[in-house]
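Structural description and commentary
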Amino acid sequence: MSSILTVPDHFGQLHAALGAGDFENRTRSWVVAAVALFVTALGAMLTMLDLSNGQYLVAGTTAPLPLLMLISVWLLSDKRYLNAAANVLVFSIFAALAAPMILAGGHAPGAYVAAITLVVLANVILTERAAIGLNFAVVALLLLGLWLTTRSWAFPVIFDSDQFMPRLARVAIASAIVVPVILMLYRRSSDRARSDLLEAQTDAHEAGDMLSSVLVEHLASIHLLSRLQIIGQLGGWWFDPQTGTVHHTIGSAGALSQYHVDDDSRCETIDGLSRADLKTLIAEVLQSKLPWDREVKVTDDDGRTKWYRSIGELEFDGDEVAKIFGVMHDVTEVREAQAQQANGQKLEAIGTLAAGMAHEINTPAQFVGDNLKFLRDSFADLQALTN
């Protein structure tokens, strides 16, 4: 029961329709709604005025106008048919202008002015094809009005005729031709600019998406490299001879830092090398222009002795060194393991030597013991025989 008695929220639907779509469609919707409501009120007022003055024929031409305007608003709010609502609006106003102009024999100055206003309105809210059709219809109506001003027979609605009407008709015809051309050229240029802008926005969005994916991959690569650096106990640096700048990793954090090669204000170690040692290495490499692979023994800030394997290569620009890249690998554990292995091998060799010496000593001793036992047994047998 409540659903039957529910009153449709037309104003809410109209407000929703006015806020739908992009900026252009919202603007067109607002113009259509405003003009439709204004013409509805104006048409109702003119109809009542004509009826009160006894001009029933003119009132009959304006009476359908409010109904058509309400149909236009209904198409816009309930059906969301913006183009259909605009077409009903414009061509209804055109019909309302054509009827009094024809009935007055072309002597309707307000209709000429309203026709030019209608042309401007049509080129704002109609599609291009509908606007072209309306422009031709208005020009044809104005030509008909100009022709009617030269006729002498009577019309149902009589206006005072004067020589100003043909001039006004000609001005209106020229305006109805020139104004649409200007508006259509402007509309096409604005459409082209809008299309270029949308294309640029699309390209920008695509570029932004590509940049985002590249940044994600880059961050993933940085994260992977930092983890590999930590796991592999690696550190890296590179030197730019043009600027004299050393870029290097910071310990095992995977972060990057930089300083000038001549900056000796800090005594920090860079992946095992002090700034002074690295400066000496860079000078040697710049002079030799050869890659290197060496192990260096350093003492860290805590006084511990550590071993690093220093590997590097060069990037050339012609015959000149453009970049120097270096990697420092902490091989202290490998060195300690090798030392322990060497000590174990020494102990094993000593054990083997001791076992061999014992064997060599044990063999003659056993020979002598066996011979003494044989002699003792033999002399015992001889003594027994002599007794």
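Look above for the structure.
Just so we're clear, the structure is a prediction, and the values are computed from it rather than from any experiment.

1. What to know about helix α4 (residues 64-77)
For α4, with 14 residues, the first-to-last C-alpha span of 20 Å sits near the 20 Å given by 1.5 Å per residue. Taken as a whole, α4 has its buried residues at L65, P66, M69, S72, V73, L75, L76 and S77.

2. A closer look at the nonpolar core
With 45 residues, the main nonpolar core has L126 and L142 as its most contacted residues. Elements represented by at least two residues in this core include exactly α2 (23-52), α4, α5 (82-103), α6 (109-125), α7 (128-149) and α8 (164-232). For L126, the contacting residues outside a window of four places in its chain are R28, A86, N87, V90, F91, A131, L134 and R187. Counting residues in each nonpolar core, the second largest holds 17 residues, with W237, F239, V261 and I282 among its members.

3. Quick notes on the pattern of salt bridges
This model, assessed by the stated rule, comprises two salt bridges. Taking the shortest distance from any N to any O, the salt bridge between R294 and E284 comes out at 3.6 Å. With R294 in strand β6 (residues 292-299) and E284 in helix α9 (residues 275-288), this pair connects stretches of sequence that are ten residues apart. For R294, a relative accessible area of 36% corresponds to the partly exposed category. Note that R309 is salt-bridged to D293, the shortest N-O span being 2.6 Å. Of this pair, R309 sits in strand β7 (residues 305-317) while D293 is found in strand β6, placing the two residues 16 residues apart along the sequence. Under the relative-accessibility criterion, R309 is labelled partly exposed at 33%.

4. Some details on the pairing of β7
Bridge analysis of β6 against β7 gives eight bridges, and the strand direction is antiparallel. Residue pairing across strands places R294 opposite S310, the latter belonging to β7. In this sheet, strand β8 (residues 320-330) lies alongside β7 in antiparallel orientation, the contact comprising ten bridges. Across the sheet, residue E315 finds its bridge partner in β8, namely K323. Counted between consecutive antiparallel strands, the loop separating β7 from β8 contains two residues, among which G318 sits at a positive phi close to 75°.

5. Thoughts on the side chain of N135
Relative to the helices and strands, N135 resides in helix α7. For N135, a relative accessible area of 8% corresponds to the buried category. Ignoring any residue separated from it by four or fewer positions in sequence, one finds N135 in contact with V119, N123, P180 and M184.

6. Let's talk about the environment of V120
With respect to the helices and strands, the residue V120 is situated in helix α6. A relative accessible area of 34% means that V120 is categorised as partly exposed. As for V120 and L183, which are separated by 63 residues in sequence, their C-alpha atoms are 7.7 Å apart. Beyond its immediate stretch of four places on either side in the chain, V120 contacts V179 and L183.

The rules behind the values
- Residues numbered from 1 in each chain as written.
- Predicted model: local features only at pLDDT ≥ 70, side-chain atom pairs only at ≥ 80, totals over all residues.
- Heavy atoms only, no water.
- Helix = DSSP H or I, 4+ residues; strand = E, 2+ residues; numbered from the N terminus.
- Expected span 1.5 Å × (residues − 1).
- Buried < 20%, exposed > 50% of the residue type's maximum accessible area, 1.4 Å probe, protein only.
- Core = buried A, V, L, I, M, F, W, Y, C linked by side-chain atoms within 4.5 Å.
- Contact = heavy atoms within 4.5 Å.
- Salt bridge = Lys/Arg side-chain N within 4 Å of Asp/Glu carboxyl O.
- Pairing = 2+ DSSP bridges.

The values are spatial; any link to function lies outside them.
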